[in-house]
Amino acid sequence: MQLHFSPSMRSVTISSSNGFIDLMKIKVAARHISYRTLFHTFLILAFLLPFVFILTALVTLEGVNKCSSFDCLGRRLGPKLLGRGDDSGKLVKDFYKILNQVNPEEVSHDLQIPDNFTQLVSEMKSNKYSAKDFAIILKGMMERSEREIRESKLQELMNKHFAASSVPKGIHCLSLRLTDEYSSNAHARRQLPSPEFLPVLSDNSYYHFILSTDNILAAAVVVTSAVQSSLTPEKIVFHVITDKKTYAGMHSWFALNPISPAIIEVKGVHQFDWLTRDNVPVLEAVENHNGIRNYYHGNHISGTNVGDTVTPRSFASKLQARSPKYISLLNHLRIYLPELFPNLEKVVFLDDDVVIQRDLSPLWEVDLGGKVNGAVETCKGEDSWVMSKRFRNYFNFSHPLVAKSLDPNECAWAYGMNVFDLRAWRLTNIRETYHSWLKENLRSNLTLWKLGTLPPALIAFRGHVQGIDPTWHMLGLGYQKKTNIESVKKAAVIHYNGQSKPWLQIGYEHLRPFWSKYVNYSNEFVKNCHILE
């Protein structure tokens, strides 16, 4: 900003520093100027100069300092002085209006849509689209992108489902090698437990854990973590139950790798005299029912009814519900514990995808108040996804029988780590109720519920569940990637329920170490089968 006085003091000129803009020129008449007039003039200038400076700064900042006349400056600053901005806001509003007017049916399937943004800009220059034509093409591009993203997400979930349902090569190798060892190595066939410890299997002064699984590596981690975390490992008895095809390999593992001082029993389902078709009629029906076999072993893609409205989360739930493990006898076995272990009074039942991080002996001192099942309730907790399960999450309340018999807001509870009072259980009709609802679901072609063995158990144990402290059993490590690590460290039992099991490649890497630290990688069978390599 420069101020110029003519030599005759007859004019005063105010200009910008670069000399391109004559902001103000004051001509003074030839007559004599009084000092009072001159004083008033300078006073007015002093008042105007700050405003002139601000306007000049605005012009410079907006890149219009190339204006060389008041006409240009007026066009630039006029709207601002009158309180009006540029038209960009109006243009955006008009564009939104045009986009909203483009109905979905106007975006036809045979519309030629550019492959990318660069091609769109090029076609705009050459074809001179109208605003509506441009909106239709842009909307078509957006809809195509949404479809591709959704299809990609559903395909990812399908691949994850197949990965979760399959047996990893290393674990399959481990089972085969240990089975071969059972047939060739007498030490692998030694009696479990040793004869002198047989009375302990029914001694209620010990802490009895029951584990039902066909996964040898998972069973080894559960038992190892429980023993290492216990303050009194010599008082631990593990009853490991497996199926007939896995029995030899499971027996070999624990015979060749004793986890002393704990006592371990390995039994196959074929070795329980009570498990007959007469006592467990519904399981034969489940395994032989054509609809059941098609549902769990048929085309999982067509069976999930993938439509335009299905969300990735609901699609994942439908796939998980079709896991073949849900018709496995091992998965239903827990409902028969009072009959399978007639001499035991109180037991802790564990799933094979858990890790024990704290001494669990205090669970035997928990007062169940005459109830049968001590379990963590899953309708309240910090994690709004994992701990938000009520009956409405498991049952089809559009079915008249379900709507009549159950409350959709009733709190659910978790399998995986349960304290069972077998004495109280034997006084109930829990097993009969379980069978009754399973048969009803079969008759209704699986329309009462879809997901596994928990729904019938939720019904059968109604009125027989005592909630325990949630820190005893933390859930969701197999599907909640954002699991709080500090909470994991504090939990007594962590549960990898969900598809992302720690022994699978799709397991979460940041949660795997809590499980893998109990894997004996120096074991020759584990090394030769390249577990998790």
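Definitions and cut-offs
The numbering scheme is per chain: residues are counted from 1 as the chain's sequence reads. Totals for whole chains, interfaces and linings use all residues, but because this is a predicted model, local features are given only for residues with pLDDT of at least 70 and pairs of side-chain atoms are given and counted only at 80 or more. Only hydrogens and water are removed before side-chain values are computed, so all heavy atoms of the structure are retained for them. Counting from the N terminus, the helices are the DSSP runs of H or I reaching at least four residues and the strands are the DSSP runs of E reaching at least two. Partly exposed residues are those whose accessible area sits between 20% and 50% of the maximum for their type, while under 20% is buried and over 50% is exposed, using a 1.4 Å probe and protein chains only. Throughout, a contact is declared for two residues whenever any of their heavy atoms are within 4.5 Å. All accessibility values rest on the Shrake-Rupley procedure with a 1.4 Å probe; residue burial counts only the protein chains present in the view. A fitted line through C-alpha atoms represents every axis, and for helices the fit uses only the stretch in contact; the resulting angles, taken between N-to-C directions, go from 0 to 180 degrees. Note on convention: near helix rotated counterclockwise from far helix by under a right angle means a left-handed crossing. Clockwise means right-handed. Charged means Asp, Glu, Lys or Arg here, nonpolar means Ala, Val, Leu, Ile, Met, Phe, Trp, Tyr, Cys or Pro, and polar covers whatever is left, Gly included. In this analysis, rings of Phe, Tyr and Trp, with Trp reduced to its six-membered ring, are considered paired at centre separations within 6.5 Å, and the interplanar angle assigns stacked below 30 degrees, edge-to-face beyond 60, and tilted for intermediate values. Two conditions define a charge sitting above a ring: the NZ of Lys or the CZ of Arg must be within 6 Å of the ring centre, and it must be within 35 degrees of the ring normal. By salt bridge we mean one thing: a side-chain nitrogen of Lys or Arg within 4 Å of a carboxyl oxygen of Asp or Glu. Note on definitions: the grid is 1 Å and covers protein atoms alone; a cavity is a set of points where a 1.4 Å probe fits but cannot get out; a pocket is an open set with protein on both sides within 12 Å along at least five of seven lines; lining residues have an atom within 4 Å of a point. Grid points are joined across faces, edges and corners, and a volume is the space filled by probe spheres set on the points. Two cysteine sulfur atoms form a disulfide, by the criterion used here, when they sit within 2.5 Å.

**Student:** For this particular structure, what's the right way to read the overall build of the chain?
**Tutor:** Scanning the chain for helices and strands turns up 21 helices and 12 strands. Relative to its full complement of 533 residues, the chain shows a buried share of 45%. At a minimum sequence separation of 6, the contacts of the chain that also span at least 24 residues come to 71%. Put simply, the chain shows about 28700 Å² of open surface, and 54% of that area lies on carbon and sulfur atoms.

**Student:** Can you help me understand the packing of helix α7 (residues 216-229) against helix α8 (residues 244-256) in this one?
**Tutor:** If you want to describe how two helices pack, look at the angle between their axes and the distance between the axes. For the pair α7 and α8, interaxial distance at closest approach is 10 Å and the crossing angle is 35°. Where α7 crosses over α8, the handedness of that crossing is right-handed. Between α7 and α8, the residues in contact are I216, A219, A220 and V223 and T246, G249, M250, W253 and F254, respectively. Its residues assigned to classes, the contact of α7 with α8 shows seven nonpolar, two polar and no charged.

**Student:** What exactly am I supposed to notice about the packing of aromatic side chains here?
**Tutor:** In this description, an aromatic ring pair is defined by two values, namely the gap between the centres and the angle between the planes. Counted under the stated rule, the structure contains 14 aromatic pairs. An angle of 85° between the planes, with centres 5.2 Å apart, marks the rings of W413 and Y415 as edge-to-face. Here the aromatic rings of W425 and F461 are separated by 5.3 Å at their centres, their planes lie at 70°, and the arrangement is edge-to-face. Placement of W425 in helix α16 (residues 422-425) and of F461 in the loop between α18 (454-460) and β11 (465-467) is noted, with a sequence separation of 36 residues between them. Judged by relative accessible area, which is 4%, W425 ranks as buried. Three or more aromatic residues joined by ring pairs form one cluster here, namely W413, Y415, F420, W425 and F461. It is R358 that lies over the ring of W472; its NZ or CZ is 5.0 Å from the centre.

**Student:** Would you mind going over the pattern of salt bridges with me for this structure?
**Tutor:** Here the idea is simple: oppositely charged side chains can pair when their charged atoms come close. Under the criterion given, the structure shown has 13 salt bridges. With its nearest N and O atoms 3.0 Å apart, the salt bridge here joins E410 to R462. Taken together, the residues span a long stretch of sequence, with E410 in the loop between α15 (400-405) and β10 (417-421) and R462 in the loop between α18 and β11 at a distance of 52 residues. Several salt bridges share partner residues, and in doing so they unite D214, D243 and K245 into one network.

**Student:** Please explain the layout of surface pockets as it appears in this structure.
**Tutor:** Sizing a probe to match a water molecule and rolling it over the atoms shows the empty space that remains. A volume near 460 Å³ is recorded for the second largest pocket. Along the wall of the second largest pocket there are 18 residues; nearest its centre are E382, D383, M387, M474 and S487. Of the residues contributing to the lining of the second largest pocket, the split by class is seven nonpolar, seven polar and four charged.

**Student:** Any chance you could explain the state of the cysteines here in plain terms?
**Tutor:** Each disulfide consists of a covalent bond between the sulfur atoms of two cysteine residues. With the rule as written, the count across this model stands at two disulfides. Bridging C173 to C529, the disulfide has an S-S length of 2.1 Å. Disulfide C173-C529: torsion about the S-S bond near -70°, hence left-handed. Highlighted residues: C173 in helix α6 (residues 169-184) and C529 in the segment after α21 (524-528), separated in sequence by 356 residues. The same class applies to C173 as to C529, namely buried.

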